[in-house]
Amino acid sequence: MKRTILGAMTVPLALVCSACVTIEPVQPWQRGDLARAEMAFEPDPVQAAYRRHVEFSKEAASGGATLSGGGCGCN
Amino acid sequence: MKNDERRTRPAAAGPSLSALTAAALALPGLAQAQVETDLLYSRYEEADLPGSREANGQDSERYEIDTYLFRLAAPLGDQAFVANVTYETLSGASPWYVQPRQPGVDDTPVQVMSGASIREQRTDVQLSWALPLAGIDWGVTLGYSTEDDYRATSGGIEFEYTPQGVAHTISGGIGYSYDKIEPERGASSPDVIAEADKDSLSAFAGVSWVLNAKTVLQTAISYGLHDGFLSDPYKRAYVADGPTLVADSRPGEREQFTVSARLRRYLSGIGAALHADYRFYRDDWDIEAHTLELAWHQMLAESWRLTPSLRWYSQSQASFYAPYYQSLRSDGLASSDYRLSPYGAVAVRVDLRKALPGDWEIGGGAEWYEADGSYAIDTVEVENPGLVEFLILNLRLGKRF
Amino acid sequence: MPPLRVHRFTALGGPCALHVQADGDEAVRAGEAEVLRIETKYSRYRDDSIVSRINTAAGTEAVEVDDETAALLDYAATAYEQSGGLFDITSGVLRRAWDFKAQRVPAQAEIDALLPLIGWHRVTWSRPYLRLPQAGMQIDFGGFGKEYAADRVAAVLAAHGVRHGLVDLSGDIHVVGPHADGSPWQIGVQHPRAGGAIATVPLVRGAIASSGDYERGFVRDGRRYSHILDPRSGWPVDGLAAVSVLADQCLIAGTAATCAMLLGAERGPAWLAALGLPYLIVDAQLRLGGSIARS
């Protein structure tokens, strides 16, 4: 148990570190790359909705930075 | 802005249309309000369950699902309306219960599949309405999903807020769902309950940071509470010291927590965006899960976009789960569902899309997913024989007006 | 079906025409009102405009600007960055040396005196505060105000239910939608040396903007002096006769056309190709090039 919680903490930390950045102020005229469609948190809402549904019906874990709708009788 | 010297040449990678576009769209009234329509067809096919994992020793076919997903997003002034309609047909057999191969002789758990082939359909409509109010972007969602034996009615409110002069955006939401199940009697389910229901509450809160001109990070926490009938009415659990088969029986309440992070980094030298997502999950059934997803969005010449991605998932088992039971637990709980078993899974995906003249877009993709005890973080001593392997192929078409 | 009507007026220093297929004239009146609003707000000739307030305060304190102006300044900063400093809204001060009406070529000393007053890099822009550090510096929105207005008017027409129409602000064009039968508008691209069109571009939506050495330029002693001035040297650019660019926004099309003219015959086409927008160029020998499908 302890080991997995430790593991859980290190992965997000590693993600932040792998960006190798501290927060730098970004001006409106420097946001071109951030505005690209492929930089969205969810670039493809249709595909994302489909995958969320498949994963929800096959795995125990669910939840994240989006609201989940209702369940299903997927057995 | 104040530099000491005049800019003398454009950025190394040449001028950026997206930089100009982002600045232009920040002007009032310049965002082009286009209606977006998307159609996704997806074929989901589970691999046969091999005879070596089955009680009757024969291979058996599992689920196949054909899904049609239609999405319409229509701007209405500074508001927007989005509809997602899903229609799917499902057919095939599903795991019924797990038993020892030869009670008393061979303890290896093997699967017993539901006898009759299931055939059903599901229709799901999700509507959402986005509107800015008092400097905050609000979203209201309503959903209704119906199957032969299952109905879910859901609703929620979300918000997104970027305070003036800061580099982060705060988001959050709260949702509710009422689900009702009215199981059908069949060969594998002669004595199912007549009906049952559950209430689900979910909430999330997140912050996204612009770390620099090429990197954004979002972190979020979420909470889910389910109350009511959370068992699978069609499944059974095997108990060696009789009665031999008991109904799948899970606690009447479940609390879920997640902590997640999503990183997006643009690599301008090669024109690609790297996505890295991680989620830690824990619930009060003692399941812990990790999900890690890496995706590479590569822009190619002539408006092609290639996106290979990898996903890894690992979960521990629910406290009351067992492939089968020697004797009934004192709390009466029992479930042999592979979803509550310890396992890991890997998925490999690739998507290809191309923008066409006239604001059309076509695309296609494939995903292969395999669950296996060996992919789990912790050693899985006894693997559930019903773990899935599936292949998804999809085609899509999009049009902007 | 409503009739196709054309509403003409003069604003932003040139002829304007709103072509719409709509009943009543409410839409075109609202469109014209939007052009006049932008002209009034950003005119450098009006003492009460935001541009005049900023320029008057040059060398003194910072001026606080409203959201629309701030977004325009952010856009100007973006265009400055993306053009490598060629698109510069502080270069208008060169008008003190260059009088295109009088067709006079200034002395180098006159230009040298002005160059220290030019350069967006000297400006302190910290939204919503803008400060011009030296007296005599000035900004103007002439380089993109008309294109912005074309986009705004197109949005106003669309908000009034216009589905088939076109906004033409002296050659900067934003198409609201195709003709009622779905056929494209045939946009004539101005011939840089003669009257009439050098090419025709079909357009069903989006915008086209052009820049050329023919506008307000003059020829003296066999040399052509274009009104497009390089902010670094203070002298007119030469190389390309005209550039037209297609984009979703007229603002971006106009910026791209201007930048390509400033970059000249050698670097202009490569810059446009890297930007990825369809374009049409006319070189000094009046040869056509570029990626626009034309007829």
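Residues numbered from 1 in each chain as written. Chains lettered and ligands numbered in written order. Predicted model: local features only at pLDDT ≥ 70, side-chain atom pairs only at ≥ 80, totals over all residues. Heavy atoms only, no water.

Examining the overall build of chain C
Of regular secondary structure, chain C possesses six helices and 15 strands. Against the globule reference of 19 Å for 295 residues, chain C gives a C-alpha radius of gyration of 19 Å, in line with a compact fold. The principal-axis extents of the C-alpha atoms in chain C amount to approximately 60 × 45 × 35 Å. Taken across its 295 residues, chain C has 57% of its residues classed as buried. Sequence-distant contacts in chain C: of pairs separated by 6 or more residues, those separated by 24 or more amount to 58%. Accessible surface for chain C amounts to roughly 11,700 Å². Of this, 50% is attributable to carbon and sulfur atoms. (Helix = DSSP H or I, 4+ residues; strand = E, 2+ residues; numbered from the N terminus. Rg over C-alpha atoms; globule rule 2.2 N^0.38 Å. Buried < 20%, exposed > 50% of the residue type's maximum accessible area, 1.4 Å probe, protein only. Contact = heavy atoms within 4.5 Å. Areas by Shrake-Rupley, 256 points an atom, 1.4 Å probe, with all protein chains shown as cover.)

Re the interface of chain A and chain B
Each partner contributes to the interface: chain A provides 59 residues, whereas chain B provides 97 residues. Overall, the association of chain A and chain B removes approximately 6,600 Å² of surface from exposure, summing both partners, and the carbon and sulfur fraction of that is 58%. Remark: the boundary between chain A and chain B carries ten salt bridges. The partner of B:Arg311 in a salt bridge is A:Glu59, and the shortest N-O contact between them spans 2.9 Å. Scanning the region where chain A abuts chain B turns up 26 residue pairs in polar contact (both at pLDDT 80 or more). (Buried area = accessible area lost by both parts, 1.4 Å probe. Salt bridge = Lys/Arg side-chain N within 4 Å of Asp/Glu carboxyl O. Polar contact = N/O pair within 3.5 Å; in protein donor to acceptor, adjacent residues only side chain to side chain.)

Notes on the environment of B:Val216
Structurally, the position occupied by B:Val216 is in strand E11 (residues 215-228). Considered as a pair, B:Val216 and B:Arg262 are 46 residues apart in the sequence and their alpha carbons are 8.3 Å apart. Contact partners of B:Val216, with chain neighbours within four places excluded, come to A:Leu34, A:Met39, A:Phe41, B:Trp209, B:Val210, B:Leu211, B:Arg262, B:Leu263 and B:Arg264.

A look at the sheet that holds strand E10 (residues 206-212) of chain C
Residue and element names in this part refer to chain C. If you walk across this open sheet you meet the eight strands as E1-E2-E6-E7-E10-E13-E14-E15, and the pairing is antiparallel. Strand pairing shows two members of the sheet lacking a second neighbour, strand E1 (4-11) and strand E15 (288-290), which therefore form its edges. With strand direction ignored, the average angle separating the axes of adjacent strands in the sheet is 15°. Across three bridges, strand E7 (residues 172-177) lies against E10 in antiparallel orientation. (Pairing = 2+ DSSP bridges. Axes fitted to C-alpha atoms, helices over the stretch in contact; angles between N-to-C directions.)

Concerning helix H1 (residues 17-25) of chain B
Listed as buried for H1(B) are B:Ser18, B:Ala19, B:Leu20, B:Ala23 and B:Ala24. Buried residues along H1(B) sit against helix H3 (67-82) and helix H6 (250-275) of chain C.

Things to note about the UniProt feature "binding site: Mg(2+)" (unreviewed entry) in chain C
Residues and elements named next belong to chain C. Under the UniProt annotation, the feature "binding site: Mg(2+)" (unreviewed entry) is placed at Gly143 and Thr258. The named residues occupy 116 residues along the chain; their greatest pairwise C-alpha distance, 8.0 Å, places them in one compact cluster. As for its placement among the helices and strands, Gly143 is situated in the loop between strand E5 (129-131) and helix H5 (145-159). By the element assignment, Thr258 lies in helix H6. The contacts of Thr258, once residues within four sequence positions are left out, are Phe87 and Ser211. (UniProt positions renumbered as here; feature names shortened; annotations may be inferred.)

Digging into the environment of B:Pro50
All names here are of chain B. Within the secondary structure layout, Pro50 lies in the loop between strand E1 (36-46) and strand E2 (64-76). On the accessibility criterion, Pro50 (33% relative accessible area) is partly exposed. Along the sequence, Pro50 and Gly386 sit 336 residues apart, while their C-alpha atoms lie 9.7 Å from each other.

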